[in-house]
There are 2 protein chains.
Amino acid sequence: MTKLPLPAILINGALVDQILVNDRGLQYGDGLFETIKIRQGRPLLWDAHLARLLLGCERLGIRSDGLLKRIEQDCQSFFSPALQETCILKLIVTRGVGERGYKPSNHVNPTVIVSMSPYTPNVPCQETGVTVRICDTALGINPLLAGIKHLNRLEQVLARQEWDDPHVSEGLMLDVDGNLVEGTMSNLFWAKDGVLFTPLLDRCGILGTVRQKLLSIAEQLDITVVEGRFSPDVLNSAEEVFLCNSAIDIWPVVKLAHKTWSIGPITRQFQAKLEEVYAC
Amino acid sequence: MTKLPLPAILINGALVDQILVNDRGLQYGDGLFETIKIRQGRPLLWDAHLARLLLGCERLGIRSDGLLKRIEQDCQSFFSPALQETCILKLIVTRGVGERGYKPSNHVNPTVIVSMSPYTPNVPCQETGVTVRICDTALGINPLLAGIKHLNRLEQVLARQEWDDPHVSEGLMLDVDGNLVEGTMSNLFWAKDGVLFTPLLDRCGILGTVRQKLLSIAEQLDITVVEGRFSPDVLNSAEEVFLCNSAIDIWPVVKLAHKTWSIGPITRQFQAKLEEVYAC
């Protein structure tokens, strides 16, 4: 392995940092992305990230023949135990360069962009928890785009623009019907009477890889999980609340407006279990 | 004026054709675009295009100080009567290059991309009309993003991917509640009993510049226009149906599934009036 200085960007295997203006990723947000944590050269939840990416390709009709080979080849230089520091790999796959017009050509080759940045862990958030807010920006409902991690992210940009207060770590987003969905960059869980709850993501939202892993951990632990549509009011009676994603792992939520929570045993148990999964 | 060979691309005034991967236009579809017809070096409906672009900047919180000056300066070389051929200018404005994360920095400068392509007019469509279909892909509802021409266009890409039949020129899209909204790339009008109808675009869809011009032409002609939410079934009793956008002008619709229409006097009157507007 040749050690690359970070940040490093590879586009279709070449060490460049620009794409053609005609790439449909720019023209229409016609593509997908994954944000993956690399620990000592080992990508965490790698199979889950690739599976979601392939699901996205299938949903959008992006060619995926040879795609995994291309990705693994391009990522190879980052996947070595010699890489001691923890890093964040952002993988973008666009449909590729196209002619004018929404209709994609069948012959276009996807653009694969691998970019690697240093990771700054936020241990205090994991240990002592975070304050969140409810965003005014709502998520539109469209089952065709729900679950996958596509490049049309204006709703998240608008929501994240709503606050500047550095003490507020995340914003919770509702759908246009007023149901809880997720954070701007994370998935949401809460616990009550030993049962875990999380919003159903069949109409909007992203099926986070850590979210999916926590669902299987819950199954192993014999903890019931209810996925459904809930008003944000349900959080008032929740005993524990937490957020998760690939970069932050699990952040306990300790405050939302005037409501406060302690960090409870279920949250700590999931943090420990996730760490075990990562350590394997 | 130095005559540029077409296609030509200018990015922030420089004759290059690539943008940085870190541009938020690619990362999140965080930007806007306009498609403008240039006739003999004269941009049609220029003020309307710039007004919609500025509305979009305001809605997304994209910096617009100095933006119009930058755009006019970059477009200058294309706006000359020496340019005899009709062209299409695509203007993209992204929020600019950013750090990782949805939150935009306040200090980022927008990226302005001007690209000019030759225009191939489709006279038969304007003269003899087009066949359309109803798309299965629905438009999500989100008032915050409705009306503006932003870069999150996956719904249109999915819809346009539904058919290959070259005899079908456009697909009509419904919102997730089943109301008529627009074509994948055009706005929709229909006439009945001397009244003109068009979908209300307050929850999704793009407020087309030609659409807005036709509304003011209708006012001049004392033709009532009803903007509202309509089921696609209303088209069964429509006497005339037509589509419009900046590139196609007005296309009469003559066929949708088993239903056919003749090209009526209202359609022809609007085609003539729009041509008059363009000629001034």
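Nothing here was measured: the structure is a model prediction, and the numbers come from that model.

1. Here's the deal with the side chain of Lys37(B)
All names here are of chain B.
- Secondary-structure assignment places lysine 37 in strand β3 (residues 31-39).
- Of the polar contacts made by the side chain of lysine 37, one reaches the backbone oxygen of alanine 247; its length is 3.2 Å.
- A distance of 3.1 Å separates a polar atom in the side chain of lysine 37 from a polar atom in the side chain of aspartate 249.

2. A closer look at the sheet that holds strand β1 (residues 8-11) of chain B
Residues and elements named next belong to chain B.
- Taken in spatial order, the five strands of this open sheet run β1-β6-β5-β3-β4, and their pairing is antiparallel. Looking along the sheet, the strands with just one partner apiece sit at the ends: β1 and β4 (42-43).
- As judged from the eight bridges shared by strand β5 (residues 87-94) and strand β6 (residues 111-118), these two strands associate in the antiparallel manner. Residue lysine 90 lies in a different strand from β6, and its bridge partner there is serine 115.
- Each of β1, β5 and β6 is contacted by helix α3 (residues 67-75), which is oriented at about 30° to β6, the strand it contacts most.

3. Quick notes on the relation of the copies chain A and chain B
- Overlay of chain A on chain B (RMSD 0.0 Å): rotation 180°, translation along the axis 0.0 Å. With respect to symmetry, the two chain copies, as superposed, fit the operation of a two-fold axis.
- Mapped onto chain B, 100% of the interface residues of chain A again fall at the interface, so both copies present the same surface.

4. Points about the interface of chain A and chain B
- Contact with chain A, which involves 56 residues of that partner, is made by 56 residues of chain B.
- Here chain A and chain B share an interface that buries about 4,700 Å² over both sides, 63% of which is from carbon and sulfur atoms.
- Residues Asp164(A) and Lys103(B) are paired through a salt bridge, measuring 2.8 Å at the closest nitrogen-oxygen approach.
- Remark: the boundary between chain A and chain B carries 25 residue pairs in polar contact (both at pLDDT 80 or more).

5. Digging into the pattern of salt bridges
- Under the definition given, this model contains 28 salt bridges over all chains.
- Of the charged contacts in the structure, one is a salt bridge between Arg39(A) and Glu275(A), with a shortest N-O distance of 2.9 Å. Taken as a pair, Arg39(A) in strand β3 (residues 31-39) and Glu275(A) in helix α7 (residues 265-279) lie far apart in primary sequence, 236 residues in all.
- Judged by relative accessible area, Arg39(A) falls into the partly exposed class, the value being 21%.
- On the basis of relative accessibility, which here comes to 36%, the residue Glu275(A) falls in the partly exposed class.
- The closest approach of N and O atoms between Lys273(B) and Glu276(B), which form a salt bridge, is 3.7 Å. Of the two residues, Lys273(B) and Glu276(B) are both situated in helix α7 (residues 265-279); the distance of three residues between them amounts to about one turn of the helix.

6. Remarks on empty space enclosed by the protein
- Counting across every chain of the model gives six cavities of 30 Å³ or more.
- As a volume, the largest cavity reaches approximately 460 Å³.
- Along the walls of the largest cavity sit 33 residues, with Leu145(A), Glu155(A), Gly140(B), Leu145(B) and Glu155(B) positioned nearest its centre.
- The set of elements that each furnish at least two residues to the lining of the largest cavity consists of α5 (154-160) of chain A together with α5 (154-160) of chain B.
- Grouping the constituent residues of the lining of the largest cavity by class yields 13 nonpolar, 12 polar and eight charged.

7. Things to note about α7(A)
All names here are of chain A.
- Here α7 is 15 residues long and its end C-alpha atoms lie 21 Å apart, about the 21 Å a rise of 1.5 Å per residue gives.
- For α7, the set of buried residues is Ile266, Thr267, Phe270, Gln271, Leu274 and Tyr278. Viewed along the axis of α7, the buried residues span an arc of 140°, placing them on a single side of the element. Exposed residues lying more than 90 degrees from the buried face of α7 are Pro265 and Ala279.

8. With respect to the pairing of strand β12 (residues 225-228) of chain B
Residues and elements named next belong to chain B.
- With four bridges connecting them, strand β11 (residues 195-199) and β12 associate as parallel partners. Each bridged residue has a counterpart across the sheet, and for threonine 198 the counterpart in β12 is glutamate 227.
- Once you follow β11 into helix α6 (residues 209-220) and on to β12, the crossover reads as right-handed.

Cut-offs applied
- Along each chain, residue indices are assigned from 1 in the same order as the chain's sequence is written.
- Written order decides the labels, with chains lettered from A and ligands numbered from 1.
- Where local features are concerned, this predicted model is filtered to residues with pLDDT of at least 70; where side-chain atom pairs are given and counted, the filter is 80 or more; whole-chain, interface and lining totals use all residues.
- Based on all heavy atoms of the structure, the side-chain values leave hydrogens and waters out of the count.
- A run of H or I in DSSP counts as a helix once it spans at least four residues, and a run of E counts as a strand once it spans at least two, with each numbered from the N terminus.
- Any N or O atom pair separated by 3.5 Å or less is treated as a polar contact, with the protein-specific requirement of one donor-capable and one acceptor-capable atom, and with residues adjacent in sequence counted only for side-chain atom pairs.
- Pairing between two strands is assigned when DSSP locates at least 2 bridges connecting them.
- Any two residues whose heavy atoms approach within 4.5 Å are treated as being in contact.
- Helix axes are fitted to C-alpha atoms over the stretch in contact, other axes to C-alpha atoms as well, and angles between N-to-C directions run from 0 to 180 degrees.
- Here the copies were fitted onto each other by least squares, based on C-alpha atoms from residues at pLDDT of at least 70 in both.
- When two parts are put together, the accessible area they lose, computed with a 1.4 Å probe and summed over both, is reported as buried area.
- Within this document, salt bridges are pairs made up of a side-chain nitrogen of Lys or Arg and a carboxyl oxygen of Asp or Glu, the two lying within 4 Å of each other.
- Accessible area is worked out with a 1.4 Å probe on protein chains only. A residue is then buried under 20% of its type maximum, exposed over 50%, and partly exposed in between.
- Cavity: a set of points on a 1 Å grid over the protein atoms alone where a 1.4 Å probe fits but cannot get out. Pocket: an open set with protein on both sides within 12 Å along at least five of seven lines, its lining residues, like those of a cavity, having an atom within 4 Å of a point.
- Grid points are joined across faces, edges and corners, and a volume is the space filled by probe spheres set on the points.
- Each residue gets one label: Ala, Val, Leu, Ile, Met, Phe, Trp, Tyr, Cys and Pro are nonpolar, Asp, Glu, Lys and Arg are charged, and the others, such as Gly, are polar.
- Each helix should span, by expectation, one fewer than its residue count multiplied by 1.5 Å.
- Throughout, the arc means that of the directions going from the helix axis to the C-beta atoms.
- By convention, orient the strands away from the viewer: a clockwise path from the first strand over the helix to the second makes the crossover right-handed.

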